[in-house]
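This is what each chain is made of:
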Amino acid sequence: MLRALFITFALGLAVTNNSAHAQVLKVAGPWEVTGIDPAQTGYVFSRLQVAETLVTADPEGKLIPALAERWSVSEDALTWRFTLRDKARFHDGTPVTAQTAAASLKRALSGVGVLSQAPVAEIVSEGRDVVIRLEKPFSALPAYLVHFSTIILAPSSFDASGKVRQIVGSGPYKVTSLTPPAKLELKDSGTWWGGKPGIAEVSYLAVGQGETRALMAESGETDLVFSMLPVSVDRLKENPGLDVKIATIPRTRILKVNAASVFFDDIEERQALSYAIDRVGITKVILRNPELAATQIFPPALKGWYASDLPPLSRDVARAKELLAEAGWTPGSDGVLEQDGKRFSVTLLTYSSWPELPPIATALQAQLREVGIEIKVSVGNSSEIPARHGDGTLEIGLVSRLYSIVPDPVGTLLQDYGPGGSDWGAMGWDNQEIQGLVAKLAVTTNPAERAPLQRRAVEILQQELPSIPVTWSELAIVSSKRITGVQVDPLEVSYGLAAIRWAK
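Here the structure is a predicted model, which means the values were calculated and not measured. (Residues numbered from 1 in each chain as written. Predicted model: local features only at pLDDT ≥ 70, side-chain atom pairs only at ≥ 80, totals over all residues. Heavy atoms only, no water.)

**Some details on the overall build of the protein chain**
Stated formally: Here a strand is any run of E in DSSP of at least two residues, a helix any run of H or I of at least four, and the numbering for each starts at the N terminus. Only C-alpha atoms enter the radius of gyration, while the globule expectation follows 2.2 Å times N to the 0.38, with N the number of residues. Exposure is judged per residue with a 1.4 Å probe applied to protein chains only, and the accessible area is read against the type maximum: over 50% gives exposed, under 20% gives buried, and values in between give partly exposed. Computed by Shrake-Rupley with a 1.4 Å probe, the accessible areas treat only the displayed protein chains as cover when residues are assessed. None of His or the chain ends enter the tally, which takes Lys and Arg as positive and Asp and Glu as negative. For charged residues, the charge sits on one atom: NZ in Lys, CZ in Arg, CG in Asp, CD in Glu.
Helix and strand counts for the protein chain stand at 14 helices and 21 strands. Scaling as 2.2 N^0.38, a compact globule of 504 residues should have a C-alpha radius of gyration of about 23 Å, and the protein chain matches this with 23 Å. If one aligns the C-alpha atoms of the protein chain with their principal axes, the spans along those axes are about 70 × 65 × 40 Å. In the protein chain, buried positions account for 54% of the 504 residues. Just so you have it, the protein chain exposes about 20500 Å², and 52% of that area is on carbon and sulfur atoms. Of the charged side chains in the protein chain, 49 are positive and 55 negative, and the gap between their average positions amounts to 7 Å.

Here it is in structure tokens:
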């Protein structure tokens, strides 16, 4: 009854909205626009094609030109040149020059984005070229420049102190209205080097609840909806007015544990946690696809990183209990494990912008209780994970980690498993061997030379489990048949809105 009332109400809104804004492409997704700093929310502006990077990637992961029409590297691999497009313009009408692009990248370099992980000595402009000089060879540099934190912004984006006050990019769409954290309105910039987008106006709405987004798709209130729950997808596939597209993506849902805490500082404790997880059960019931059970951290979609012959992560409750006993944990009167008077009771923090995370967290809570681990689930905002990592108070978190955030996974590995870990990676875990392997991978381009390094890195992560894989991921996109040209980008670099047209 409630669902029927919602649809009726939403349909009324949709009819009113369609009559007033018949030419607006309405998009809904789970990601809030909590600010405009590129390091934090640049992914919203890059995916919606408001701002661009020098380099981008196609759905296969191949690096292709964006604002830079070509690039080259010197023989000593220390100097990279990125030649900008002649016709690129910012939304305020000013040209995208090498000088302004270099200034944007310098800001990114001094911040907390991925570029700060690269061995950059200096960034300068020479004619139409952005020149990046390195302290040592770093083959992944062009892949780093795909990352949303390196979007190129016009000088008018910044105030006198260098703080971002508005997003003035160079993409096919410009911002006309931003109402944080939920709404963003865009229109044809009229200045894009790639031509006019197929639909001139776009309205993006952040909707945290997956079922609400599904109802909006059914009612016609939205034309394009991202990140759907599998249970909703099954229903939406039956709707004759909708198209559903699904792609396996290089994203893994992981348990981010504080390996410096008394609960997870021993390998045996982390391995026991892994053995207690029924991944197949979770993927069957919640994700409706048992093939998404994560047998290792990288999914098969990441070629060269998935080791098919590696002993898979699996469930073994008896072995989990043995390992916990070896680590000094004994059952208390209520069955919860204890050690030196301390109960094995931790808070698992997760968030709902990926709608499947809370139900997975609830399933994990029940499964871990079977081995004597008490989990208290807390569903908050995704920003709480990095905040709690930073102040050291995170005990365990369930997160969705994209390993193609830089098209070369080395970029993510440098962040996640480098000294001190990262907001979304390891916490309280320091492994010199993997740091050395990743450093070698960062300067090695030959696939034959990279293969054994990649293999060893995967073996270490499988053995030590600084991050515990739970499931791999699919991305489900639902679109109205009123539109055509919708594509799924497995790397989640761009939504390709400019290519969408109204169906005839």
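Read on for the rest.
**Brief notes about the packing of aromatic side chains**
Operational definition: Here the aromatic set is Phe, Tyr and Trp, taking the six-membered ring for Trp, and pairing holds for ring centres within 6.5 Å; pairs whose planes are under 30 degrees apart are stacked, those over 60 apart are edge-to-face, and all others are tilted.
Following the criterion strictly, the structure yields 18 aromatic pairs and no others. Judged by centre distance (5.0 Å) and plane angle (85°), the ring pair of Phe298 and Tyr403 falls under edge-to-face. Taken together, the positions of Phe298 in the loop between α8 (279–285) and α9 (317–326) and Tyr403 in the loop between β18 (396–402) and α12 (410–416) put the pair 105 residues apart, joining distant regions of the chain. The buried category is assigned to Tyr403, whose relative accessible area is 1%. Look at Trp329 and Phe344: their rings are 4.6 Å apart centre to centre, the planes differ by 45°, and that puts the pair in the tilted class. Within this pair, whereas Trp329 is found in the loop between α9 and β13 (330–331), its partner Phe344 is found in the loop between β15 (342–343) and β16 (345–351), the two being separated by 15 residues in sequence. Look at Trp329 and you get buried, because its relative accessible area is 2%.

**Focus: the sheet that holds strand β1 (residues 24–29)**
Our working definition: In this analysis, strands are considered paired if DSSP registers two or more bridges between them. Fitting a line to C-alpha atoms yields each axis, with helices limited to the stretch in contact; the angle taken between N-to-C directions then spans 0 to 180 degrees.
Pairing within the open sheet is mixed, and its ten strands lie in the order β8-β9-β10-β1-β11-β19-β12-β18-β16-β17. The sheet is open, and its two edges are formed by β8 (173–179) and β17 (374–380), each paired on a single side. Direction aside, neighbouring strands of the sheet carry axes that sit 25° apart on average. Sheet topology places strand β9 (residues 183–188) next to strand β10 (residues 201–206); five bridges connect them, and they run antiparallel. Along β10, the bridge assignment pairs Lys187 with Glu201.

**A short note on the pattern of salt bridges**
Worth spelling out the cut-off: Put simply, a salt bridge is a Lys or Arg side-chain nitrogen that is within 4 Å of an Asp or Glu carboxyl oxygen.
Under the counting rule described, the total for this entry stands at 28 salt bridges. With a closest N to O distance of 2.8 Å, Arg133 and Glu122 form a salt bridge. In this pair, Arg133 is assigned in strand β7 (residues 129–134) and Glu122 in strand β6 (residues 120–126), connecting sequence segments eleven residues apart. Glu122 sits in the partly exposed class, given a relative accessible area of 34%.

**Thoughts on the confidence of the model for the protein chain**
The test is simple: The predictor attaches a confidence to each residue, and that confidence, scored 0 to 100, is pLDDT. It only takes one pair of heavy atoms within 4.5 Å for two residues to be counted as in contact.
Looking at the protein chain as a whole, its pLDDT mean stands at 92, while 96% of the residues score no less than 70. Per-residue pLDDT stays below 50 along residues 1–21; that stretch engages in 20 contacts with residues further than four places along the chain or on separate chains.

**Regarding the sheet that holds β6**
Pairing within the open sheet is antiparallel, and its four strands lie in the order β4-β5-β7-β6. Both outer strands of the open sheet, β4 (68–73) and β6, are each paired with one neighbouring strand and no more. Here the strands of the sheet are splayed against their neighbours by 15° on average, with no regard to which way each runs. As judged from the five bridges shared by strand β5 (residues 79–84) and β7, these two strands associate in the antiparallel manner.

**As for the side chain of Asn289**
So the rule is basically this: Two N or O atoms form a polar contact when they lie within 3.5 Å of each other; inside protein one atom must be a possible hydrogen donor and the other a possible acceptor, and for residues adjacent in sequence the pair counts only when both atoms belong to side chains.
Considering the arrangement of structural elements, one finds Asn289 in the loop between α8 and α9. Here Glu474 takes part through its side chain, which lies 3.1 Å from a polar atom of the side chain of Asn289. In this structure Asn289 touches Thr283, Lys284 and Glu474, once residues within four positions along its chain are discounted.

**Re the pairing of β4**
Strand direction decides the pairing type here: β4 and β5, joined by five bridges, are antiparallel. When the sheet's bridge partners are listed, Ala68 is paired in β5 with Leu84. With antiparallel pairing between neighbouring strands as the criterion, β4 and β5 make up a hairpin whose turn holds five residues, including Ala77 at a positive phi of roughly 65°.

**Concerning the packing of helix α7 (residues 267–275) against α9**
Filter applied, for reference: Put simply, angles under 35 degrees are roughly parallel, angles over 145 are roughly antiparallel, angles from 65 to 115 are roughly perpendicular, and the rest are oblique. We call a crossing left-handed when the near helix sits turned anticlockwise from the far one by less than a right angle, and right-handed when that turn is clockwise. The residue classification treats Ala, Val, Leu, Ile, Met, Phe, Trp, Tyr, Cys and Pro as nonpolar and Asp, Glu, Lys and Arg as charged. All others, Gly included, are polar.
At their nearest, the axes of α7 and α9 sit 8 Å apart, and the two run at 160° to each other. Here α9 runs roughly antiparallel to α7, going by the angle between their axes. Crossing hand, α7 versus α9: left-handed. Across the interface between the two elements, Glu268, Glu269, Gln271, Ala272 and Tyr275 of α7 pack against Val317, Arg319, Ala320, Leu323, Leu324 and Glu326 of α9. A per-class count over the contact of α7 with α9 returns six nonpolar, one polar and four charged.

**So, the side chain of Thr83**
Tracing the chain through its elements places Thr83 in strand β5. Using a relative accessible area of 8% as the deciding quantity, one classes Thr83 as buried. Those residues in contact with Thr83 that sit more than four places away from it in its chain are Leu67, Ala68, Glu69, Arg70, Arg128 and Asp129.

**Here's the deal with the nonpolar core**
Stated precisely, the cut-off is as follows: What makes a nonpolar core is a set of buried Ala, Val, Leu, Ile, Met, Phe, Trp, Tyr and Cys residues whose side-chain atoms join them at distances within 4.5 Å.
Judged by nonpolar contacts, the single largest core of 144 residues is most densely connected at Leu54, Phe82, Val130, Ile132, Leu255 and Leu497. Residues in contact with Leu54, not counting those within four places in the same chain, are Pro65, Ala66, Leu67, Ala68, Phe82, Leu84, Leu105, Val130, Leu145 and Ile152. In terms of nonpolar packing, the next biggest core, distinct from the first, is built from twelve residues, Ala217, Met228, Ala476 and Val478 among them.

**Points about the environment of Tyr417**
Note on placement: Tyr417 falls in the loop between α12 and α13 (432–441). For the pair Tyr417 and Trp429, spaced twelve residues apart in sequence, the C-alpha to C-alpha distance is 7.9 Å. Those residues in contact with Tyr417 that lie beyond four places of it in its chain are Ile297, Tyr403, Ala426, Trp429, Ile434, Gln435, Leu461, Pro466 and Ser467.

**Some remarks on the pairing of β8**
Moving residue by residue along a regular strand, the side chains alternate between the two faces of the sheet. For β8 and β9, the ladder comprises six bridges, and the chain directions are antiparallel. Within β9, the position partnered with Leu178 by the bridge is Leu184. Counting the residues between successive antiparallel strands, the hairpin from β8 to β9 contains three residues.

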